[in-house]
Amino acid sequence: MTQYEIIEKYQPQLSRPTYLIVGLPDAGLVGVIATEYLIEKLGLKEFAEIYAPEILPPISHVKDGVAKSPIRLYHNHNMIIFHSWIAIPSISIIPIAKIIVDVAKRYNASYIISITGLPIQDRLNAEKLNAYWIANQQDLAIELQKLGLMEKFGDGYIAGPYAPLLTEASKNSINNFVIVVESFLDLPDPEASAIALNILSKYIGFNINVNELLKEAEDIRDRIKGLMTQTKQELPNYALSRPMTYA
Amino acid sequence: MPVFKDLDDLIRNLIKKEEKEIKRIEEEIDKEFERLSRTFQSPLYSFNETESEYDYLIDLPKVDLSTLKVESRSQKLIMACRTKDGREYRLFISLPKDADPASMEVSRAKWLLKVSIKKRK
């Protein structure tokens, strides 16, 4: 049992259903680019940080001169964002999945939605990036199939930080699905994040202008270069040198 | 100058000396590359191999393209450039043995710099 604390500034008031959106660094940083953009553009408020010295490296994220935990929680009226500013060490992905489920239970989230990249060989020449869903329960799979916002992933494997989360959430009867968008593996891919955000906004029902994300892509890539370098070192440990999601 | 009875011995000796000198220069170049890598920022890059070539995709956000230099020397890919805000990127990549540096092609693809090098047949 991992010892950790959720250090809350305040308890957020949330309407139902509540969605917990998870942005952890992995393929193409698709998830974290998306959640960081959401935090900024929707003006989500930081209300808590995760303190887990047993499983996280001794790194603090310094924001405006203030040192904070690299994993923090943000919210608006019906969304909580679980965002990590550092790569998750491979030995910590299962405890982190358990923490995410604890967070979902604590704030009564009805859905956990993860965002990740699906590395493809010819990403550079891909005209259109395909998006897929992976669900942790049959009812959710039927719902996603009916909505038709993305294709079913079908058969394959998912490895890395989102894989144990699917099982942990299922064990706790919480709906969890992963938005998987074709992307680069080891280069930041804001285009893939923009596609994921479009899908997410339609699913939850909010407006977001992803054109700005594409305009700001150069700044984003410059800013998160270090995180991609750190993630690149961690990626092979997630799945014995295999890509994060592969069919 | 030592004396050799056999011309073959003389030539072999000269070749040996040349090889030693080339090895020394190569080691010096490697040391210099290592030193420079520590001094400058390295950009992110991705590597892809096809049947006929090696592709390197280099991410250079905020690059000032007028400062970009890409060359291959001693079976190494060397890239240097400055960003619009004055930072410097340098990249040194050892090329595979069958890469033909003379075939190097540099292009822009999406937001990335693509360096393609054909394999020797």
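All values derive from a computational prediction rather than experimental measurement. (Residues numbered from 1 in each chain as written. Chains lettered and ligands numbered in written order. Predicted model: local features only at pLDDT ≥ 70, side-chain atom pairs only at ≥ 80, totals over all residues.)

**Topic: the overall build of chain B**
Secondary structure summary: chain B contains one helix and seven strands in total. Its C-alpha radius of gyration of 19 Å places chain B more than 25% over the 14 Å reference for a compact globule of 121 residues. In terms of its C-alpha atoms, chain B occupies a principal-axis envelope of roughly 65 × 35 × 20 Å. Contacts in chain B between residues at least 24 apart in sequence constitute 40% of all its contacts with a sequence separation of at least 6. (Helix = DSSP H or I, 4+ residues; strand = E, 2+ residues; numbered from the N terminus. Rg over C-alpha atoms; globule rule 2.2 N^0.38 Å. Contact = placed C-beta atoms within 7 Å.)

**Considerations on the overall build of chain A**
Per the secondary structure count, chain A includes eight helices and 13 strands. A compact globule built from 247 residues would reach a C-alpha radius of gyration of about 18 Å, and chain A, at 16 Å, matches this within 12%. Referenced to the eigenvectors of the C-alpha coordinate spread, the extents of chain A come out at roughly 45 × 40 × 35 Å. Taking all 247 residues of chain A together, 46% fall into the buried category. In chain A, 77% of the contacts between residues at least 6 apart in sequence involve partners at least 24 apart. (Buried ≥ 20, exposed ≤ 12 C-beta atoms within 10 Å, placed from the backbone.)

**A short note on the confidence of the model for chain B**
In the predicted model, chain B carries a mean pLDDT of 87, and 91% of its residues have values of at least 70. Across the predicted assembly, pTM comes out at 0.84 and ipTM at 0.82. (pLDDT = per-residue confidence, 0-100.)

**Topic: the domain arrangement of chain B**
Assigned domains of chain B: these are domain 1 (1-39) and domain 2 (41-121). Placing a centre on the C-alpha atoms of domain 1 of chain B and another on those of domain 2 of chain B gives a separation of 28 Å. (Domains from an automatic or database assignment.)

**As for the interface of chain B and chain A**
Facing the nine residues of chain B at the interface are eleven residues of chain A. If you list the elements that add at least two residues to the side of chain B that touches chain A, you get strand E1 (44-49) and strand E2 (53-59) of chain B. Counted by class, the side of chain B that touches chain A contains five nonpolar, one polar and three charged residues. (Nonpolar A, V, L, I, M, F, W, Y, C, P; charged D, E, K, R; others polar.)

**Structural notes on the nonpolar core**
Residue and element names in this part refer to chain A. Within the largest apolar cluster, 90 residues are counted, with the highest numbers of intra-cluster contacts made by Leu20, Ile100, Ile112, Ile179 and Ala196. Sort the elements by how many residues they give to this core and helix H2 (residues 93-106) lands first, with eight residues. Aside from chain neighbours lying at most four places away, what touches Ala196 is Val30, Ala34, Ile115, Ala131, Ile179 and Val181. (Core = buried A, V, L, I, M, F, W, Y, C linked by C-beta atoms within 7 Å.)

**Observations concerning the packing of H2(A) against helix H4 (residues 162-171) of chain A**
Residues and elements named next belong to chain A. The contact between H2 and H4 brings their axes to 9 Å, and the two run at 40°. Of the possible angle classes, the one that applies to H2 and H4 is oblique. Crossing geometry of H2 relative to H4 is assigned as right-handed. Here Ile93, Ile94, Ala97, Lys98, Ile100 and Val101 of H2 lie close against H4, whose contacting residues are Pro164, Leu165, Glu168 and Ala169. (Axes fitted to C-alpha atoms, helices over the stretch in contact; angles between N-to-C directions. Parallel < 35°, antiparallel > 145°, perpendicular 65-115°, else oblique. Left-handed = near helix turned anticlockwise from the far one by under 90°.)

**Notes on the packing of helix H1 (residues 30-41) of chain A against helix H5 (residues 190-204) of chain A**
Residue and element names in this part refer to chain A. Viewed as axis vectors pointing N to C, H1 and H5 meet at an angle of 60°, and their least axial separation amounts to 8 Å. The angle between H1 and H5 falls in the class oblique. Remark: the crossing between H1 and H5 carries right-handed chirality. The segment H1 lies against H5, with Val30, Ile33, Ala34 and Tyr37 engaging Pro190, Ala192, Ser193, Ala196 and Leu197. Class assignment of the residues belonging to the contact of H1 with H5 gives a composition of eight nonpolar, one polar and no charged.

**Notes on the environment of A:Asp139**
Structurally, the position occupied by A:Asp139 is in helix H3 (residues 138-147). In the structure, A:Asp139 is positioned 36 residues away from A:Asn175 in sequence and 8.9 Å away in space, judged by C-alpha atoms.

**Notes on H3(A)**
For H3(A), a buried count of one out of ten residues is recorded, marking the element as mostly open to its surroundings. One or two positions beyond H3(A), positive phi appears at A:Gly148, with a value near 70°.

**Comments concerning the sheet that holds strand E5 (residues 88-94) of chain B**
All names here are of chain B. The three strands are arranged E3-E4-E5 in an open sheet whose pairing can be described as antiparallel. Each edge of the sheet is formed by a strand with only one pairing partner; in this case those strands are strand E3 (69-73) and E5. Shown here is a sheet whose adjacent strand axes are inclined to one another by a mean of 15°, direction ignored. Here E3 pairs with strand E4 (residues 76-82) via five bridges, running antiparallel. Counted as the bridge partner of Val70 is Met79 from E4. (Pairing = 2+ DSSP bridges.)

**A few points about the pairing of E2(B)**
All names here are of chain B. A large share of E2 lies buried, amounting to five of its seven residues. Taking the residues between adjacent antiparallel strands as the criterion, E1 and E2 are bridged by three residues. With seven bridges connecting them, E2 and strand E7 (residues 112-118) associate as antiparallel partners. Within the sheet, the bridge partner assigned to Tyr56 lies in E7 and is Val115.

**Observations regarding the sheet that holds strand E3 (residues 45-51) of chain A**
Across a sheet, strands are paired by hydrogen bonds formed along the backbone, either parallel or antiparallel in direction. Residues and elements named next belong to chain A. Here nine strands make up an open sheet; going across it, the order is E1-E3-E6-E7-E2-E8-E12-E9-E10 and the pairing mixed. If you trace the sheet from one side to the other, it starts and ends with strand E1 (5-8) and strand E10 (151-152), each paired once. Strand direction decides the pairing type here: strand E9 (residues 131-135) and strand E12 (residues 175-183), joined by five bridges, are antiparallel. Paired with Ile134 across the bridge in E12 is Val178. Set on the sheet, H5 makes contact with strand E2 (19-23), strand E7 (79-84), strand E8 (111-119), E9 and E12; between it and E12 the angle comes to about 150°.

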